[in-house]
Amino acid sequence: MACHAAMAGKTNMIVGALHSEFVHLPITRAVAFRKKVDIKALLDQGNLHKGITLSHAVNTAQVVEQPLPFKPQPHSSVSTHPAMTDQETFAFQYVSCAAEISQLMSLIINTFYSNKEIFLREIISNASDALDKIRYESLTDPSKLESEPELFIRLTPDAEGKVLDIRDSGIGMTKSDLVNNLGTIAKSGTKSFMEALSAGADISMIGQFGVGFYSAYLVADKVQVITKHNDDEQYIWESAAGGSFTITRDTINEPIGRGTVIRLYLKEDQTEYLEEKRIKDIVKKHSEFIGYPIQLVVTKEVEKEVEDEEAEEKKEEEDEDKPKIEEVDEDEKKDEKKKKTVKETKKETEELNKTKPLWTRNPDDIKNEEYASFYKALTNDWEDHLAVKHFSVEGQLEFRAILFLPRRAPFDLFEQRKKRNNIKLYVRRVFIMDDCEELIPEWLNFVKGIVDSEDLPLNISRETLQQNKILKVIRKNLVKKIIEMFGEIAEDKENFNKFYEAFSKNIKLGIHEDSTNRTKLAELLRYHSTKSGEELTSLKDYITRMPEKQTNIYYITGESRQAVENSPFLEALKKKGFEVLYMVDPIDEYSVQQLKEFDGKKLMSVTKEGLELEEDEEEKKALEEEKAAFESLTKEIKNILGEKVEKVVVSHRILNSPCVLVTGQYGWSANMERIMKAQALRDSSMSSYMASKKTLELNPAHSIVRALKEKVAADKNDKTVKDLTYLLYETSLLSSGFSLDDPSGFAGRIHRMIKLGLSIDEEEVAEPAAVDDVPPLEDVEGSTQMEEVD
């Protein structure tokens, strides 16, 4: 009922508009919906005028033309072009309901498209469809191409007239095509054509929604469509995005042979789309890989030499004034006329889409030079790519893709404001978007390439994908293929070293974020270690070098390789022959939190509690005895340090150092604490519960610890015990990778130690420097008198 009411209201508006148009036209017809309606009710309501006929019990998607039952009358205020004697006016129709056409047009123009430059992509896509259709028909009837053998799309900007022509030599449209396709909003001739094709036909169409053409009104006030079909005459379709359009037999323009010209009369503020550079940028972005040549008519200034008539006239006048002397010479030279250089403007056509869609070809037929050329054109990189992966996916979703790995990382690789990825999504070689966050994970944002699908569920503006499920399928396949490419690079040591140097952070970020592919990515990790020397080692190689009794993979995190190489935490492990990996990249702290094990071997930090040193029974028994012997010392040190440490224990973790500070198994390490403190926008409240409690581990075999034990046993109230304890704690803070809480206090204790070393008494005060004997001042005469004067 709502639909009928809308139609009734609109009929009044359309017929009124049509009537005003029909009054002065010699031949006039009106187009209306065929819909099941009550004619009598409409007549009673005054909704059916003599300019329009509604027929009932017919599908709404069909359109009919009916002659008017009156003769047109001349109208003095209207002037008609002499060549437009066959002009007919029609009303826009909508396939589902007679909605408010002007509102619908406004909705299409202002709401569907977020970017006005899309209009050119839509029109070029429609032109490509038209070319596909004529090519398809020519397969069975080659004579179809005789009217225009060349298949092309040509853009002709006219800056003076503010007009942009987009011409194609496609199939063109008959008069009924113009009415049915351009006159019925959201009815797509492409879709009907696709449905009519037999299954499996190798043909790809774009305009499945039937609204792409109307995007022209984003930039144009008025649109003309000049078209010629092989089976019909040349017509002009014209509309200003109102409720109606006109169709006229074309006797004004030059015959175009076959095809269509979309002529856009641009709005005052949209003349940028007549600029050569702007057009080239839009075509390169959206339509670079259309299968037909896209030509741009450009105006160029050329220098040309012409005869200088003025100079010749002047020379002749001068010659007339001078007496003539004739000389007879066999080698008489011919008079050379003077020439001048002038600038002329001439029009040329440039092909804008010379880069061909490489991904549509068989990978076996493509040379590496072609991939390199395509990569440079796609990315504007001056270097060749490091690796390429060219593949197609078939099944429920079909698409083709080419993925490239650059040789070096861009300087803004992890810049938050930059584009999230470099994968361009195409549908049938027409660019859709390159900023889809769901298409590829952030950690792979350095991979560049193209994904092209024959059929994706796009929204009506074809700017975004509609279904996340499809995106997940594409994403899963892309990540899988990229990891395969990484594995192929790993076989070439030299190339892999270049890759790892540039993108190791991305791999580690992937381990942190991608739980599905974590194991595969872990195989790509490379680290320096206590046994690798200057070479990097993989986790697989590490396992092959493990002693039989070693069951864990040991690692240490720190600020730099130099800092960790001499760490006291490595002393016992080196003695046992256990290899330790150096993780000195800040992101290692994050990735290792997620990578708990590799190939069944647990990853264990040597700076945290719970370190398993594969001790035998004798070593364990000796440790227990030492714990009992040093119990009084550990208690006293705990009392002195208080809350600074959670506990003080004796361990075999160190051999040459007196003590170290270890952190809890699940809290931050010393390196992680340093990283978090360096964050400019950190949440300081997190530090309170994430900063791990510290445990002071003493080396019972060290002479300092043994001497301190004896000193405590003799007199635990000795003043030097407290100073020595604090000094040991603060030096272990530094050697374990922490920062000092009280640097000035530490400096004071060091100064006192220096004084002791220099045998300087603590209470000794430096005497002031002796003042040199100064001779007495001579008495200046008159000084007394001056002092008396006040």
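That block above? That's the structure.
Residues numbered from 1 in each chain as written. Predicted model: local features only at pLDDT ≥ 70, side-chain atom pairs only at ≥ 80, totals over all residues. Heavy atoms only, no water.

Chemist: Can you help me understand the packing of aromatic side chains in this one?
Modeler: The description of two aromatic rings rests on the distance between their centres and on the angle between their planes. Counted by the stated rule, this structure contains 19 aromatic pairs. Aromatic side chains Phe119 and Tyr273 sit 5.2 Å apart centroid to centroid with 85° between the ring planes, which places their arrangement in the edge-to-face category. In this pair, Phe119 sits in helix H4 (residues 118–138) while Tyr273 sits in the loop between strand E11 (259–266) and helix H7 (276–286), placing the two residues 154 residues apart along the sequence. Residue Phe119 shares its accessibility class with Tyr273, and that shared class is buried. Seen in terms of ring centroids, Phe289 and Phe374 are 5.6 Å apart; in terms of plane orientation they differ by 40°. Their pairing is tilted. Of this pair, Phe289 sits in the loop between H7 and strand E12 (294–307) while Phe374 sits in helix H9 (residues 368–379), and the two are 85 residues apart along the sequence. For the pair Phe289 and Phe374, one class covers both residues: buried. Among the aromatic residues, ring-to-ring pairing joins Phe289, Trp359, Phe374, Tyr375, Phe404, Tyr426 and Phe431 into one connected group. Looking at Lys709, its charged tip hangs above the ring of Phe630, at a distance of 5.5 Å from the centre. (Phe/Tyr/Trp six-rings, centres within 6.5 Å; stacked < 30°, edge-to-face > 60°. Helix = DSSP H or I, 4+ residues; strand = E, 2+ residues; numbered from the N terminus. Buried < 20%, exposed > 50% of the residue type's maximum accessible area, 1.4 Å probe, protein only. Lys NZ or Arg CZ within 6 Å of the ring centre and 35° of its normal.)

Chemist: Would you mind going over the sheet that holds strand E22 (residues 580–583) with me for this structure?
Modeler: Strands belonging to one sheet form pairs held by backbone hydrogen bonds; the direction of such a pair is parallel or antiparallel. Reading across from one edge, E20-E19-E22-E21-E24-E23 is the order of the six strands in this open sheet, with mixed pairing throughout. Two strands in the sheet have a free side with no partner beyond their single neighbour: strand E20 (537–538) and strand E23 (597–598). (Pairing = 2+ DSSP bridges.)

Chemist: Looking at this model, I keep getting lost on the pattern of salt bridges. Mind explaining?
Modeler: Side-chain pairing between opposite charges can occur once the charged atoms of the two side chains come close. Inspection of every chain in the model, using the stated rule, returns 38 salt bridges. As a salt-bridge pair, Glu350 and Lys280 come within 2.9 Å of each other at their nearest N and O atoms. Placement of Glu350 in strand E13 (residues 339–351) and of Lys280 in helix H7 is noted, with a sequence separation of 70 residues between them. Arg408 serves as the salt-bridge partner of Glu383, at 2.8 Å between the closest nitrogen and oxygen. Of this pair, Glu383 sits in the loop between H9 and strand E14 (387–393) while Arg408 sits in the loop between strand E15 (399–405) and strand E16 (422–427); the two residues are 25 residues apart in sequence, bridging distant segments of the chain. For Arg408, a relative accessible area of 30% corresponds to the partly exposed category. Three or more residues joined by partner-sharing salt bridges are found here, namely Glu276, Lys280, Lys300, Lys346, Glu348 and Glu350. (Salt bridge = Lys/Arg side-chain N within 4 Å of Asp/Glu carboxyl O.)

Chemist: Please explain unusual backbone geometry as it appears in this structure.
Modeler: Among all residues save glycine, negative phi is the norm, and among peptide bonds the norm is trans. Its identity as a non-glycine residue notwithstanding, Asn380 has a phi of 65°, on the positive side. Within the fold, Asn380 resides in the loop between H9 and E14. Take Asn380: its relative accessible area is 63%, and that puts it in the exposed class. Even without a glycine there, the phi angle at Asp599 is positive, about 55°. Tracing the backbone through its elements, the reader meets Asp599 in the loop between E23 and strand E24 (601–605).

Chemist: Please clarify how the pairing of E16 should be interpreted in this entry.
Modeler: Working note: regular strand, side chains alternate between the two faces of the sheet. Here six bridges tie E16 to strand E18 (residues 448–453), and the two strands are oriented parallel to one another. Bridge pairing in E18 places Lys424 opposite Ile450. By the bridge criterion, three bridges tie E16 to strand E17 (residues 430–433) in an arrangement that is antiparallel. Residue pairing in the sheet places Val427 in a bridge with Val430 of E17. In this antiparallel pair of consecutive strands, E16 and E17, the connection spans two residues, and Arg428 shows a positive phi of 50°.

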